[in-house]
Every structure is written in structure tokens, then in C-alpha cells.
Amino acid sequence: MIHVVGLVLHPRRDCAPAVEAILSWAADRGATVLGLPEEIGRIDCAAEPVGVDELVERSHLLVSLGGDGTMLRTMRLVEGRKTPVLGVNVGRLGFLAEVDLPDLSAALSAIDDHAYTIEPRTAVRTVLPDGREVSAFNDIALVRVPGDGLAAVGLTVEGKSFVRYAADAVIVSTPTGSTAYSFSAGGPIVSPKVEGLLVGPASAHSAFNRMLVMSPDEELVLEVLPTSGRLAVEVDGIVQAHVEAGHHLRVEPIPGAARVVRLGRTTFYERARRKLQVAGSAQVGAGDAADAMVVDSFEQSRYEVRIGGELAGTLDYRRRDGFVELLHTEIDRTYEGQGLGGRLAGGALRALRARGEKITATCPYVIGYLERHPEHADLLAARPEGTTANG
């Protein structure tokens with residue numbers, strides 16, 4: 001059973017509804033909830049504030065509330081431990097987080113009942129010139145500094161020189177990171193079940209611009225060549241150091257460095273199609289409306305309904321003082337006639353209720369939906385003076 005739950009929160013997004021859901025679940029089972037003081041201090045909640053070491057040491061489960069960046073940070077905290085990590089979407093969809101807020105309590109209960117699987121994740125590690133050891137679950141990249149010239153980097157594999165890249169960056173990626181910087185540089189999508197490394201250039205200026213796929217037991221050394229400019233060492237997108245001509249970095253994979261909880265609700269490939277908006281390989285509109293998923297695309301200020309990873313419709317909103325204004329609903333013509341407008345409106349209203357939000361509706365479709373579903377009437381905020389149902 002789960003006796004201690006640790007929380008890691010996104011630094012800016014509103015995590016209060018998710019934290020309250022976890023606290024309520026824990027209270028019913030006599031479990032303890034821990035959090036970092038600077039994170040839970042932003043929320044008036046009953047979680048116990050502890051330091052990083054105590055959080056990692058005591059937690060039986062770490063819950064990441066945010067997106068992929070928060071998941072990566074959580075995985076780095078528990079690197080090398082068996083503590084499982086559950087990712088909860090707070091805002092925009094990611095690859096690593098599988099659970100949305102309405103499903104959070106059920107997910108915790110499933111984990112408590114051991115009804116889940118573990119997906120091990122590989123990390124990459126190197127030692128910086130100042131002697132610090134750093135790890136990444138996406139990638140370690142040597143990136144040109146604007147004004148300082150190209151990244152000229154030589155790859156030595158198993159003690160033998162293999163290739164010299166001239167590029168904007170040279171990326172060493174895990175399978176997890178194959179859908180991040182490596183993907184934007186033209187690399188392949190790699191299943192997280194694969195053990196290995198991807199090494200290659202971004203915006204190559206050299207004749208050879210292909211990526212190399214390496215076994216985890218092969219030795220890799222990156223050499224900053226004499227023709228290179230000063231380079232930033234980015235670890236999961238964060239600059240940790242700078243290197244110059246003559247520096248060598250030995251990069252090694254750490255298989256199974258973190259353990260991500262999977263509940264079987266989506267596959268890696270479904271998440272990849274949804275996040276990367278993969279199209280062309282499947283017939284558009286072929287998905288089953290019963291499998292429609294409603295998600296909050298926080299950064300685009302809209303709720304989305306998706307089928308099989310394809311965007312089928314949107315409900316735009318705007319946050320105002322004390323309430324959320326629902327502005328406009330649109331269903332793609334390919335998906336009309338399948339009841340997705342109602343699925344979208346209902347899913348959005350349930351998510352807003354879970355967050356304790358009040359609403360106003362200027363969208364004609366949502367206004368009609370509320371008239372047909374009076375059980376949502378309590379969500380309506382008092383209308384500001386001088387406004388009407390149509391804004």
C-alpha cells in the first residue's frame with residue numbers, strides 16, 4: 001500500500017485542485033502527503049513540507065503535477081531509486097504524464113491496488129569540466145553560443161574516432177528524448193522500451209548529417225574541436241556549463257534510472273500521435289467517438305476533444321477575474337454528427353468543476369448545452385453588470 005505520497009509541482013500552473021484531490025484521497029486511507037516548502041507554500045494545503053532529501057527518502061510514490069518538464073525534474077530527483085513516478089497533466093498534454101485531473105483519485109487507487117505497470121526510463125550522464133556529475137532523461141546537448149561560431153564536435157566510439165560534426169548543436173538523446181530536441185533535428189521516434197542512445201547534429205553544416213544509434217554498453221566521448229566556438233552544455237534544456245576547444249565529455253547511459261507508472265490508458269504511440277500531431281499514416285476520422293478524450297490545452301486557452309490522437313474540436317476560453325469565460329465551440333467537419341460537441345462541453349465543465357472554477361458562457365453551443373443540462377447551472381458565476389448572455 002501507499003503510505004507516503006510525495007508531490008512535485010509545476011512552478012507556475014495552478015496545481016491546487018490536483019493537490020486537494022491527492023490530500024482527500026490520502027485522508028481516506030490514512031496516508032501522508034509530502035511536498036517541497038517552496039512549492040506547497042504557494043497553496044493553502046495540509047501537505048507536510050520537507051526538504052528534497054526527505055521527500056525522496058520517505059515517499060512510496062512521487063506524483064508530478066505539471067507537464068513533461070516537471071516529470072523530467074521529478075525523474076532526476078529519484079534517479080537510481082525504485083520509487084515510482086506518476087505524471088499528472090496540469091495544463092498541456094505531454095508524453096510522460098498519462099493521468100488527467102478527473103482521473104487522479106482512481107489512478108491513485110489503482111496504484112494502491114498494484115493495478116499498474118512500470119516503464120523504466122534510461123538517463124544519460126556526464127561529468128562537467130568543473131567536476132560536477134549531471135544526468136538527463138531527455139538529452140545532453142553541446143549548443144553553439146550566438147556570436148561564438150559553430151559547434152565543431154568529434155565523436156569517439158569505443159576509443160576510435162568515428163565522425164566530426166559541424167552544426168548548431170550536437171545532441172546525445174535517450175529514447176525518452178527522441179521526441180524532444182532530437183526529433184526537431186530530424187531524428188526518429190524511438191520507443192521508450194528501447195535501450196540505447198541517439199547521437200547527431202542539429203542544423204548540420206558538415207557533409208555527414210546522419211544520426212548514430214548506439215548500444216548502451218558502447219563508450220562515447222565528445223571532443224570539442226579546435227575549430228569550435230564556445231559551447232553551452234544543455235542538460236534537459238538547462239544550461240549547466242560551457243565548454244571550449246580541447247574539452248572532452250564522456251557520456252554514458254544509465255538504463256532503468258527512473259520508473260514511470262503506466263495504467264494502460266494510452267500507449268506511447270497514441271501519446272506521440274497526439275502530441276506531435278502525426279497525420280497521414282491513419283485515415284482521418286476513422287477513430288471511434290466512444291474513445292474521444294477531452295483535454296485542457298492550457299497554453300492555447302482552449303479545451304480540445306481528440307480521437308485517436310487527432311484533433312476533432314476545440315472550445316476556446318478566456319480567464320477573467322474570478323471566472324472562466326467559454327467563448328466558442330468548433331467541431332471539425334470530418335467529425336460532425338458524432339456528438340463530440342456535447343462530449344467537449346461536458347468534459348470541459350467537469351474539469352472546471354474539479355478545479356473549483358466558476359464560468360460564464362458567451363458561446364451559443366455551451367449556452368444551449370447548459371440549458372439541456374441544468375446539473376451544471378451551479379457553475380455559472382454572477383454576471384458582471386452591463387453584460388448579457390452574448391457578451
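Residues numbered from 1 in each chain as written. Predicted model: local features only at pLDDT ≥ 70, side-chain atom pairs only at ≥ 80, totals over all residues. Heavy atoms only, no water.

1. Observations regarding the overall build of the protein
The line we're drawing: Comment: elements are numbered from the N terminus, with helices defined as DSSP H or I runs of at least four residues and strands as E runs of at least two. Restricting the calculation to C-alpha atoms gives the radius of gyration, and the globule rule supplies 2.2 Å times the number of residues raised to the power 0.38. Buried means the residue's accessible area, taken with a 1.4 Å probe over protein chains only, is under 20% of the maximum for its type, while exposed means over 50%, and partly exposed covers the values in between. In what follows, residue pairs with any heavy atoms lying within 4.5 Å of each other are defined as contacts. Surface accessibility in these figures is a Shrake-Rupley result with a 1.4 Å probe; residues are shielded only by whichever protein chains are displayed. In this tally, Lys and Arg are treated as positive and Asp and Glu as negative; His is ignored, and so are the chain termini. Every charge is mapped onto a representative atom, which is NZ of Lys, CZ of Arg, CG of Asp or CD of Glu.
If you tally the helices and strands in the protein, you get nine helices and 23 strands. Expected size for 391 residues packed as a compact globule is a radius of gyration near 21 Å; at 23 Å, the protein falls within 12% of this value. The dimensions of the protein, computed from C-alpha atoms along their principal axes, are 70 × 50 × 40 Å. When each of the 391 residues of the protein is scored for burial, the buried share is 52%. Considering only intrachain contacts with a sequence separation of at least 6, the fraction spanning at least 24 residues in the protein is 64%. As presented, the protein carries roughly 17600 Å² of accessible surface, and 48% of it is formed by carbon and sulfur atoms. The protein carries 40 positive and 51 negative side-chain charges, and their two centres are separated by 2 Å.

2. A closer look at the packing of aromatic side chains
Rules: Any pair of Phe, Tyr and Trp rings, taking the six-membered ring for Trp, is counted once the centres come within 6.5 Å. Such a pair is stacked with planes under 30 degrees apart, edge-to-face with planes over 60 apart, and tilted for the rest.
According to the stated counting rule, one finds four aromatic pairs in the structure shown. The interplanar angle of 75 degrees and the centroid separation of 5.1 Å between the aromatic rings of Phe-268 and Tyr-269 together place this pair among those described as edge-to-face. A network of ring pairs unites the aromatic residues Phe-162, Tyr-165 and Phe-208 as a single cluster.

3. Examining the packing of helix H8 (residues 340-354) against helix H9 (residues 364-372)
For clarity, the cut-off: Angles run from 0 to 180 degrees between N-to-C directions of axes, and those axes are lines fitted to C-alpha atoms, restricted for helices to the stretch in contact. Oblique is the label for any angle not under 35 degrees, not over 145, and not in the 65 to 115 range, which are roughly parallel, roughly antiparallel and roughly perpendicular in turn. Lys, Arg, Asp and Glu make up the charged group, whereas Ala, Val, Leu, Ile, Met, Phe, Trp, Tyr, Cys and Pro make up the nonpolar group; the residues left over, Gly among them, are polar.
Taken N-terminus to C-terminus, the directions of H8 and H9 make an angle of 75 degrees; their axes are 10 Å apart at the nearest point. Between H8 and H9, the angle falls in the class roughly perpendicular. Here Gly-341, Gly-342, Ala-345, Gly-346 and Leu-349 of H8 lie close against H9, whose contacting residues are Tyr-365, Tyr-369 and Leu-370. Broken down by class, the residue content of the contact of H8 with H9 amounts to five nonpolar, three polar and no charged.

4. Regarding helix H5 (residues 104-112)
Most of H5 sits inside the fold, with seven of its nine residues counted as buried. Turning to H5, its buried residues are Leu-104, Ala-107, Leu-108, Ser-109, Ala-110, Ile-111 and Asp-112. Tucked into the core, H5 has its buried residues touching helix H1 (16-29), strand E4 (61-66), strand E5 (84-89), strand E6 (99-100) and strand E18 (248-262).

5. Here's the deal with the pattern of salt bridges
Put simply, the test is: By convention in these notes, a salt bridge is any Lys or Arg side-chain nitrogen within 4 Å of a carboxyl oxygen on Asp or Glu.
By the definition in use, this model includes 22 salt bridges. Two residues, Glu-39 and Arg-73, come together in a salt bridge whose shortest N-O distance is 2.9 Å. Of the two residues, Glu-39 is situated in helix H2 (residues 37-40) and Arg-73 in helix H4 (residues 68-77); the sequence distance between them amounts to 34 residues. Its relative accessible area of 6% is what places Glu-39 among the buried residues. Between Arg-320 and Glu-325 there is a salt bridge, with the nearest N and O atoms lying 3.0 Å from each other. Look at Arg-320 and you get partly exposed, because its relative accessible area is 43%. The class of Glu-325 is buried, set by a relative accessible area of 4%. Taken together, the shared-partner salt bridges connect Glu-98, Glu-119, Arg-121 and Arg-262 into one network.

6. With respect to the confidence of the model for the protein
Going by this rule: Summary of the metric used: pLDDT quantifies the predictor's per-residue confidence within the range 0 to 100.
The pLDDT averaged across the protein works out to 90; a share of 93% of its residues lies at or above 70. Contacts of residues 281-286 to residues separated by more than four positions or lying in other chains number six contacts, the stretch itself having pLDDT below 50. Here residues 385-391 scores under 50 on pLDDT; set against residues more than four positions off or in separate chains, the count is eight contacts.

7. Considerations on the environment of Thr-122
On the secondary structure map, Thr-122 appears in strand E7 (residues 117-127). Along the chain, Thr-122 and Ile-254 lie 132 residues apart, while their C-alpha atoms are 5.5 Å from each other. Beyond its immediate sequence surroundings of up to four residues, Thr-122 is in contact with Phe-137, Thr-174, Pro-253, Ile-254, Pro-255 and Gly-256.

8. A look at H4
Every buried residue of H4 is accounted for by Thr-70, Met-71, Leu-72, Thr-74 and Met-75. Packed against the buried residues of H4 are strand E1 (4-9), E4, E5, E7 and E18.

9. Digging into the pairing of strand E20 (residues 302-307)
What counts, and what does not: The rule for pairing is simple: two strands pair if DSSP sees at least two bridges between them.
With respect to burial, E20 is a largely interior element, six of its six residues being buried. On E20, burial covers both faces: Arg-302, Glu-304 and Arg-306 on one face and Tyr-303, Val-305 and Ile-307 on the other are all buried. Bridge count for strand E19 (residues 293-297) against E20 is five bridges, and the pairing is antiparallel. Directly across from Val-295, in E20, lies its bridge partner Glu-304.

10. A closer look at the packing of H1 against H5
In helix packing, the relevant descriptors are the interaxial angle and the interaxial distance, both defined with respect to the helix axes. Quick reminder of the rule: Less than a right angle of anticlockwise turn of the near helix away from the far helix marks a crossing as left-handed, whereas a clockwise turn marks it as right-handed.
Orientation of H1 relative to H5, taken along the N-to-C sense of each, is 40 degrees, at an axis distance of 9 Å. The orientation of H1 relative to H5 falls into the category oblique. Note on packing geometry: the crossing formed by H1 with H5 is right-handed. Contacts between H1 and H5 involve Ala-18, Ala-21, Ile-22, Trp-25 and Arg-29 from the former and Leu-104, Ser-105, Leu-108, Ser-109 and Asp-112 from the latter. Split into classes, the residues belonging to the contact of H1 with H5 amount to six nonpolar, two polar and two charged.

11. Looking at the sheet that holds strand E13 (residues 197-202)
Pairing within the open sheet is antiparallel, and its six strands lie in the order E14-E13-E12-E9-E16-E17. For this open sheet the edge positions go to strand E14 (212-214) and strand E17 (238-243), each flanked by a neighbour on one side alone. Within the sheet, the average angular offset between the axes of one strand and its neighbour, ignoring direction, is 20 degrees. As defined by bridge partners, strand E9 (residues 139-144) adjoins strand E16 (residues 231-235) across five bridges and the pair is classed as antiparallel. Residue pairing in the sheet places Ala-141 in a bridge with Glu-234 of E16.

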